[in-house]
Amino acid sequence: MDGRTYGELVDQETGVIARAVFDSPQVYEVEQRKVFARSWLFVAHASQLRRAGDFVVSRMGEDSVIVSRQSDGGIAVLLNVCRHKGMRVCRADEGSATRFTCAYHGWSYNGAGALVDVPHEADGYRGRLDKARWSLLRVPRVESFLGLVFACWDLDAPSLADWLGPAVDLVRGAFDRSAAGTEVLGGVQKWRLRGNWKLAAEQFTGDNYHAETTHSSAFTAQIAARAFDEEVFQRLADVGREGSGMVNVGFPHGHGATVITGGEEAFRAFHTAALPPELHSTVDPARAHERLGELAFGPGTMVNLVCPNLAWLGNQRTLRVFHPHGPDAMEIWSWVYVDADWPEETKQAYRRHSTRSFSTTGIFEVDDSENWAEINAVGAGHVTARVPLNYQMGLGRDTGGVNSAYSDTSALNFHRRWVELMDGPDPRLPDLSPAPLLPEPEDG
Amino acid sequence: MPFSQQAFRPRAADAAPVTPPTPVSPAEHHAIEQFLSFEAQLLDEARYDDWLDLLADDLHYFMPLRRNTLHRDLDRETTAPGELAHYDDTRAELAVRILRVQQPTAWSDNPPPRTVRLISNVQARAADKSGEYQVRSVFHLYRNRLQDDTDSFAGHRDDLLRRDGATGFRIVRRTVHIEQSVVLAKNLGVLF
């Protein structure tokens, strides 16, 4: 950055952000190291890995990883790259396996990543290959919380609990509503689109402002079909007003959300506003209230981002990750999560509603991707690249990160954390040094 | 050619060898092909209200996800009913999608896309119920929009068609198998 810092791209005082944050290849390259190799990243939901040997292939930034349930019940996260010639080891998206065998020369690893079989080891390496040190690279930090499995490359990173900090309430408010916890339904929707990953991430910190314009067509259709109640919906459209019962919160470490503050009445109103009538009976916070107290009515139940790229809509039950895929593209991975002890028909009703609203074909989502794609599509111009972007809504009016549900406070808070990481130290990665051949055995 | 939610159905070791479908009469086959071509034209011309007329009231419109699995797990290559899907709609739910896309504020489709679809490899056979046909067809849908948004979707469809006095046929069931695991487009908000 020519000696400048990334802080110069994000001006918290005037509330403007340079477009380079969203499309510079140089920024992107640094981001892979400073943001994605330093952060706790969501890699799987525990319900995808019910039995020993179950695995899914996931992503940490652009790194492909295998997330695998161990025989002791633990979870290993392994770099999905053969230590021999760098081939992708596992080419299935999910399954159950005791071995991952490379299709190139046949190096074979067990579910914990240990290199257990090398074809022609005796002839080729004369028994001198240090197999223990040519095992799959194992992500050093793995922690699960309420069914969410996170991994982190950085040996110096704080614990997941410290990383979440007060934003732990977001996770609890969403994923701890029942003693049975949550599960994701089968299948991961994946799609690749133009648009920098941060455009989606910052929106999920609480951009309620876009809904009225971007999603006008979806709201109109749902109201016309009597799936949404117009009066209740009007309240959702007015969440920017003081005393609306909803605020934006920027949490420490960049996490952000729109949080209901109006108690049970507001919780019921905001949740039924964007659900069809057949799901209204599921909006009953009584059980969660017994478990969580007032937390049951507030954080985690609307739009949420756990920095850098895990997001969910608590009322719609869509859970997603915005994977970076080059400076101007992202890959969205999307699940539907439900309370594990809900009746099957409730789970299915949420699956169908959530898919119709937020997915590859979702009547809301299709208009979101239009925005993200076109922001990057129009970004190449010489002058365009120099025109700053406006984040001034509610600037200077926040109290400790809390502001109107129509404000850029939580988005700026996300970018503040991004700068902190970008200007911060490199991650301390696990030992990547190559192991030499073992000594020649003594002639005996 | 039975209906299946699975894209791949490995033949069991003791299963009988494959036999070509018993064809319907040339006149019936022609009528079915012409119906599918007409339907494709309605969709390419965004005449969605007219398209809705071709759907039976008890329609199930289903497009499962595809995932990469090893050969031994091919029965899981396509998501099953109850798992996530791109589409899993009734006629009334498709009507809401259409109502949305017809709004001037449906930004993903305004300006509208240009699409053209080839419907080919049509195989039809009589279904169990009189006047119903199981029809398999292959599609290739090209979509171009704005400056350079270009999508190409290929796959096959398993339909159940029902004879109808007014429209020739109505679509009772449609299962669409798209040949992409990671969808390589910013949305799949297009009807197949």
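Residues numbered from 1 in each chain as written. Chains lettered and ligands numbered in written order. Predicted model: local features only at pLDDT ≥ 70, side-chain atom pairs only at ≥ 80, totals over all residues. Heavy atoms only, no water.

1. Concerning the sheet that holds strand β10 (residues 115-117) of chain A
Residue and element names in this part refer to chain A.
Here's step 1: Here we have 3 strands laid out as an open sheet, ordered β8-β9-β10, and antiparallel in their pairing. In this open sheet, the two strands that pair with only one neighbour each are β8 (99-101) and β10. Put simply, the sheet's adjacent strands are angled 40° from each other on average, direction ignored.
Here's step 2: Relative to strand β9 (residues 108-110), β8 runs antiparallel, the two being bridged by 3 bridges. Looking at the pairing, arginine 99 lines up with asparagine 110 of β9. (Pairing = 2+ DSSP bridges. Helix = DSSP H or I, 4+ residues; strand = E, 2+ residues; numbered from the N terminus. Axes fitted to C-alpha atoms, helices over the stretch in contact; angles between N-to-C directions.)

2. Thoughts on the interface of chain A and chain B
Here's step 1: Listed by partner, the interface residues are 46 residues for chain A and 41 residues for chain B.
Here's step 2: Contact between chain A and chain B buries roughly 3500 Å² in total, counting both sides, with carbon and sulfur atoms accounting for 52%.
Here's step 3: The largest share of the area that chain A buries against chain B comes from Arg351, Thr361 and Glu370 of chain A, three residues that together contribute 15% of it.
Here's step 4: There are 10 salt bridges connecting chain A and chain B.
Here's step 5: For the side of chain A that touches chain B, the secondary-structure elements that each account for two or more residues are β7 (94-96), β14 (189-194), α7 (211-214), α8 (216-224), β20 (329-339), α12 (344-357) and α13 (365-377) of chain A.
Here's step 6: Within the side of chain A that touches chain B, the residues separate by chemical class into 15 nonpolar, 18 polar and 13 charged. (Contact = heavy atoms within 4.5 Å. Buried area = accessible area lost by both parts, 1.4 Å probe. Salt bridge = Lys/Arg side-chain N within 4 Å of Asp/Glu carboxyl O. Nonpolar A, V, L, I, M, F, W, Y, C, P; charged D, E, K, R; others polar.)

3. Some details on the confidence of the model for chain B
Here's step 1: For chain B, per-residue confidence averages 93 on the pLDDT scale, and 95% of positions sit at 70 or higher.
Here's step 2: Our summary of model confidence lists the complex with pTM equal to 0.96 and ipTM equal to 0.95. (pLDDT = per-residue confidence, 0-100.)

4. Section: helix α5 (residues 168-175) of chain A
Here's step 1: Taken together, the buried positions of α5 of chain A are occupied by Leu170, Val171, Gly173, Ala174 and Phe175 of chain A. One face of α5 of chain A carries all of its buried residues, which in axial projection span an arc of 170°. (Buried < 20%, exposed > 50% of the residue type's maximum accessible area, 1.4 Å probe, protein only. Arc of directions from axis to C-beta.)

5. As for the pattern of salt bridges
Here's step 1: Under the counting rule described, the total for this entry stands at 49 salt bridges over all chains.
Here's step 2: The residue glutamate 331 of chain A makes a salt bridge to arginine 59 of chain A at a minimum N-O spacing of 3.4 Å. Separated by 272 residues along the polypeptide, glutamate 331 of chain A in strand β20 and arginine 59 of chain A in strand β4 (residues 54-60) bring together distant segments of the chain. Each member of the pair glutamate 331 of chain A and arginine 59 of chain A is classed as buried.
Here's step 3: Between arginine 100 of chain B and aspartate 367 of chain A there is a salt bridge, with the nearest N and O atoms lying 2.8 Å from each other. One end of the pair, arginine 100 of chain B, is in helix α3 (residues 91-101); the other, aspartate 367 of chain A, is in helix α13, on a second chain. Assigned by exposure class, arginine 100 of chain B and aspartate 367 of chain A land together as buried.
Here's step 4: What you see here is one network of salt bridges that share partners, running through Arg194 and Glu370 of chain A together with Arg145, Asp148, Asp149 and Lys186 of chain B.

6. Describing the sheet that holds strand β3 (residues 41-45) of chain A
Each strand in a sheet pairs with another by means of backbone hydrogen bonds, the pair being arranged parallel or else antiparallel.
Residues and elements named next belong to chain A.
Here's step 1: Here 3 strands make up an open sheet; going across it, the order is β3-β12-β11 and the pairing antiparallel. Looking at which strands have only one partner, the edges of the open sheet turn out to be β3 and β11 (141-145). Averaged over all pairs of adjacent strands, the angle between strand axes in this sheet comes to 30°, irrespective of strand direction.
Here's step 2: Here 5 bridges tie β11 to strand β12 (residues 148-152), and the two strands are oriented antiparallel to one another. Across the sheet, glutamate 143 pairs through a bridge with phenylalanine 150, a residue of β12.

7. Considering the nonpolar core
Here's step 1: Trp312 and Trp418 of chain A together with Trp51, Phe153 and Phe192 of chain B are the most contacted members of the largest nonpolar core, which has 156 residues in total.
Here's step 2: Those residues in contact with tryptophan 51 of chain B that lie beyond four places of it in its chain are Glu39, Leu42, Leu43, Tyr61, Leu94, Ile98 and Leu191 of chain B.
Here's step 3: Within the second largest apolar cluster, 20 residues are counted, among which are Phe55, Phe100, Leu115 and Val118 of chain A. (Core = buried A, V, L, I, M, F, W, Y, C linked by side-chain atoms within 4.5 Å.)

8. Structural notes on the packing of aromatic side chains
Here's step 1: Inspection of every chain in the model, using the stated rule, returns 24 aromatic pairs over all chains.
Here's step 2: With a centroid separation of 6.2 Å and an interplanar angle of 90°, the aromatic rings of tryptophan 51 of chain B and tyrosine 61 of chain B are classed as edge-to-face. With tryptophan 51 of chain B in helix α2 (residues 48-52) and tyrosine 61 of chain B in strand β1 (residues 55-64), the pair connects residues that are 10 residues apart, well separated along the chain. This pair shows no difference in class: tryptophan 51 of chain B is buried, exactly as tyrosine 61 of chain B is.
Here's step 3: Taken together through their ring pairs, the aromatic side chains of Phe219, Phe228, Phe358 and Phe364 of chain A make up a single cluster.
Here's step 4: The cationic tip of lysine 190 of chain A hangs over the ring face of tryptophan 333 of chain A; the distance from NZ or CZ to the ring centre is 3.9 Å.
Here's step 5: Sitting above the plane of the tryptophan 163 of chain A ring, arginine 417 of chain A keeps its charged end 4.8 Å from the centroid. (Phe/Tyr/Trp six-rings, centres within 6.5 Å; stacked < 30°, edge-to-face > 60°. Lys NZ or Arg CZ within 6 Å of the ring centre and 35° of its normal.)

9. Regarding the environment of serine 359 of chain A
All names here are of chain A.
Here's step 1: When you line up the elements, serine 359 lands in the loop between α12 and α13.
Here's step 2: Residues contacting serine 359, with those up to four places away along its chain left out, are Gln189, Trp191, Arg320, Ser354 and Glu365.
Here's step 3: A polar contact is formed between the side chain of serine 359 and the backbone oxygen of threonine 355, at a distance of 2.6 Å. (Polar contact = N/O pair within 3.5 Å; in protein donor to acceptor, adjacent residues only side chain to side chain.)

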